[in-house]
Amino acid sequence: MKSFKNFIGGDWVPPVGGEYFENRNPADLSDTIGRFPLSGAADVDRAVESARRGFEVWRSTPAPARGDVLRRLGDIMVKRKEEIADLMTREMGKPLAETRGDVQEGIDTAYYAASEGRRLFGHTVPSELRNKWAMSFRRPIGVAGIITPFNFPMAIPTWKMFPALLCGNACIFKPAEDVPHTGHVFVEVLIEAGLPPEVIQLVHGQGESAGAAIVNHPLIPLISFTGSTDTGRLVGETCGRMHKRLSLEMGGKNAMLVFNDADLDLALDGVLWGAFGTTGQRCTATSRLVLQDGIHDQLLSRL
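All values derive from a computational prediction rather than experimental measurement.

What should I look at first to understand the packing of helix H2 (residues 63-79) against helix H5 (residues 155-166) in this one?
If you want to describe how two helices pack, look at the angle between their axes and the distance between the axes. The contact between H2 and H5 brings their axes to 9 Å, and the two run at 150°. In this view, H2 runs roughly antiparallel relative to H5, as classed from their interaxial angle. Contacts from Ala63, Arg66, Gly67, Leu70 and Leu73 in H2 reach Phe162, Leu165 and Leu166 in H5. Residue composition of the contact of H2 with H5, by class: 6 nonpolar, 1 polar and 1 charged.

Below, the structure is given as structure tokens:
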């Protein structure tokens, strides 16, 4: 069985505690993808130390040059799209039609973020004093903790990480324990694209250990968490108490409204995809259907 490692300090390293967990194909539990690190606070401490060094290098890199790295990353993902989709399906179970779309979202985000490298404008503002000139410019925050879920193993990490990297921040990335292999390959692609090694740290493990250590670390001033509402509430409480910047993406309660003049073929397709695509395992899944009286019985019958 292959053993994978964390990426800390510019190198692939085993977890401090020496413990691992198995990652299995959900469609065939006899198919073991590999063993991945059960990381803890000591691993996160090492990652923070390295990320702070990487931040000092990356923050002084011109934003257009940072964008060039992300553009190269997008090119690599285009070439490896089918390979990444295959391994994602094996790891977390979405059909290939959906995992290909997952990779494509990462590609699109890479190119979008790359173009923003030439748009990080500051502002010149009018001063209230006659002999003063005022301006502002953008500066990166520092080390960002990126904690992502299982359902979009490539798309969501790219949404969260590429803007942070483009703006000059270093990242510590903890993928969900259901999709560590996709996270591993994602970091490989980042390094291949030319990202300075200490700008990205990969820490595998469970939320209550590795994830909690990231959220509670005093030298990680920015947290992005995507996951359950209950866990997000705890993350929000911690970040509020520690005055951290925070982005939360949690569960939704999404309604679809259908009126009497609607195209019912289109509405039915939208309901089926919205509610049952990705087996409904996404924060944007349609979970309520609100129907006007005139088409209520007909659409429910067809549904």
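In this structure, what is going on with the layout of surface pockets? I would like to understand it.
Empty space among the atoms becomes apparent when a probe as large as a water molecule is rolled across them. Here the largest pocket is characterised by a volume of approximately 810 Å³. Along the wall of the largest pocket there are 41 residues; nearest its centre are Pro149, Phe225, Thr226, Gly227 and Ser228. Where the lining of the largest pocket is concerned, the elements lending two or more residues are helix H4 (96-116), H5, helix H7 (207-216), strand E10 (222-226) and helix H8 (229-242). For the lining of the largest pocket, the leading source of residues is H7, giving 6 residues. Partitioned by chemical class, the residues of the lining of the largest pocket number 15 nonpolar, 16 polar and 10 charged. In this structure, the second largest pocket occupies an estimated 290 Å³ of space. Contributing to the lining of the second largest pocket are 15 residues, with Leu120, Arg138, Arg139, Pro140 and Cys167 lying nearest its centre. When grouped by side-chain class, the residues that make up the lining of the second largest pocket number 8 nonpolar, 2 polar and 5 charged.

Can you help me understand the packing of helix H9 (residues 264-276) against helix H10 (residues 293-302) in this one?
For the pair H9 and H10, the least separation of the axes is 11 Å and the interaxial angle reads 55°. Overall, the two elements H9 and H10 adopt an arrangement that is oblique. In the packing of H9 onto H10, the handedness of the crossing is right-handed. Here Leu264, Asp265 and Leu268 of H9 lie close against H10, whose contacting residues are Ile295, Gln298, Leu299 and Arg302. A breakdown of the residues in the contact of H9 with H10 according to their chemical character gives 4 nonpolar, 1 polar and 2 charged.

How should I be thinking about a nonpolar patch on the surface in this particular structure?
On the surface, a nonpolar cluster with roughly 390 Å² of combined accessible area is contributed by Leu272, Phe276, Leu300 and Leu303. Note on placement: Leu300 falls in helix H10. The class for Leu300 is partly exposed, based on a relative accessible area of 43%.

In this structure, what is going on with the side chain of Arg282? I would like to understand it.
You can see Arg282 is positioned in the loop between H9 and strand E13 (286-291). Here Arg282 occupies a buried position and makes no salt bridge, while the nearest side chain of opposite charge, Glu98, is found at 5.3 Å. Here the side chain of Arg282 touches Thr278 through a polar contact of 3.2 Å, side chain to side chain. Once you skip the residues sitting within four places of it in the chain, Arg282 turns out to touch Asn151, Phe152, Trp273, Gly274 and Gly277.

Looking at this structure, I do not really get the pattern of salt bridges. What am I missing?
Pairs may arise between side chains of opposite charge once their charged atoms sit close together. The final tally for this structure, using the stated rule, is 15 salt bridges. A salt bridge links Glu56 to Arg59, with the nearest nitrogen and oxygen atoms 3.5 Å apart. Taken together, the residues Glu56 and Arg59, both in helix H1 (residues 41-59) and 3 residues apart, mark about one turn of the helix. A relative accessible area of 45% means that Glu56 is categorised as partly exposed. When its relative accessible area of 30% is taken as the criterion, Arg59 is described as partly exposed. The shortest N-O distance in the salt bridge between Arg100 and Glu82 comes to 2.7 Å. Here the residue Arg100 occupies a position in helix H4, and Glu82 occupies one in helix H3 (residues 81-92), the gap between them amounting to 18 residues. Exposure remark for Arg100: the relative accessible area of 32% places this residue in the partly exposed category. The exposure class of Glu82 is partly exposed, given its relative accessible area of 37%. One continuous salt-bridge network, built from bridges that share partners, spans Glu49, Arg53 and Glu198.

Rules behind the numbers
Residues numbered from 1 in each chain as written. Predicted model: local features only at pLDDT ≥ 70, side-chain atom pairs only at ≥ 80, totals over all residues. Heavy atoms only, no water. Axes fitted to C-alpha atoms, helices over the stretch in contact; angles between N-to-C directions. Helix = DSSP H or I, 4+ residues; strand = E, 2+ residues; numbered from the N terminus. Parallel < 35°, antiparallel > 145°, perpendicular 65-115°, else oblique. Contact = heavy atoms within 4.5 Å. Nonpolar A, V, L, I, M, F, W, Y, C, P; charged D, E, K, R; others polar. 1 Å grid on protein atoms, 1.4 Å probe; cavity = no way out; pocket = protein on both sides within 12 Å on 5 of 7 lines; lining within 4 Å. Points joined across faces, edges and corners; volume = space filled by probe spheres on them. Left-handed = near helix turned anticlockwise from the far one by under 90°. Patch = residues over 30% accessible without salt bridge, like charges linked within 9 Å, V, L, I, M, F, W, Y side chains within 5 Å. Areas by Shrake-Rupley, 256 points an atom, 1.4 Å probe, with all protein chains shown as cover. Salt bridge = Lys/Arg side-chain N within 4 Å of Asp/Glu carboxyl O. Buried < 20%, exposed > 50% of the residue type's maximum accessible area, 1.4 Å probe, protein only. Lys, Arg positive; Asp, Glu negative; His and termini not counted. Polar contact = N/O pair within 3.5 Å; in protein donor to acceptor, adjacent residues only side chain to side chain.

This is a description of form; function is not addressed.
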